[in-house]
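# Understanding the architecture of this molecule
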Amino acid sequence: LLGKIIAINKNTKQYDVMSIGNRNPQGLFYVKKQNLIINTEHGPKGGDEINFNFLNSTDVPNFGWDIASYGVEYDGRKIYKDSHSEHGFVEPFKYFTPSIGISEVIYLSDEDSLDQKKYLFVSSLRAASIYIIEISDQFNDVKDEDRLYFSQQRLRDIEYDNENKVFFILFENTPSIGVLKIKS
């Protein structure tokens, strides 16, 4: 099951393969309304990815690892194919080169966000940041992007409390928990 994201039936212990070609998944978020799994994964040196896996398709998506990546080997060798689609794989929704040390992902729908737009909030270890990515209504394009930087921190995890409209951030270096409230 290496390189795969699976769904496990807790009662029967049976599993279904949801995607293949995943290098090192870090964050998972399920969007019920779209029947969509959003996952983040570490690339090699560069090429951290955000992938969208729409579950309405009968095909199991292949995200290309270990053939396609926008990263390079740690010694600098370029051994991976940049284009995923030219080689029969699914392109990442977004990739980060250089690597941000991607960790968790949270999706806020237009119904939950303060300005009625769709957002991904992506935490990062290496870049000490939360990336705020506005996405299109069709989930196929980045409309805008912003970044919140937290000096000398590694952001391991992020959760959103919809009732109180706050984010909880798990800092790895300190260790501590931060509370972030975004106002419109």
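Conventions we followed
Residues numbered from 1 in each chain as written. Predicted model: local features only at pLDDT ≥ 70, side-chain atom pairs only at ≥ 80, totals over all residues. Heavy atoms only, no water. Pairing = 2+ DSSP bridges. Helix = DSSP H or I, 4+ residues; strand = E, 2+ residues; numbered from the N terminus. Phe/Tyr/Trp six-rings, centres within 6.5 Å; stacked < 30°, edge-to-face > 60°. Lys NZ or Arg CZ within 6 Å of the ring centre and 35° of its normal.

## Digging into the pairing of strand β12 (residues 166-171)
Bridge analysis of strand β11 (residues 155-161) against β12 gives 6 bridges, and the strand direction is antiparallel. Its bridge partner being in β12, Tyr 160 is matched across the sheet by Phe 167. In this structure, the hairpin formed by β11 and β12 is closed by a connection of 4 residues, where Lys 165 is found at a positive phi of approximately 55 degrees. Relative to strand β13 (residues 176-181), β12 is paired through 6 bridges, and the arrangement is antiparallel. Residue pairing for β13: Phe 167 is matched across the bridge by Leu 180. A loop of 4 residues connects β12 with β13, the two strands running antiparallel in sequence.

## Here we look at the packing of aromatic side chains
Enumeration over the complete set of coordinates arrives at 13 aromatic pairs. Members of the aromatic cluster, joined through ring pairs, are Phe 29, Phe 52, Phe 54, Phe 93, Tyr 107 and Phe 139. When the ring centre of Trp 65 is taken as origin, the NZ or CZ atom of Arg 23, which lies over that ring, is 5.0 Å away. In this arrangement the basic side chain of Lys 94 is found over the ring face of Phe 96, its NZ or CZ atom lying 4.8 Å from the centre.

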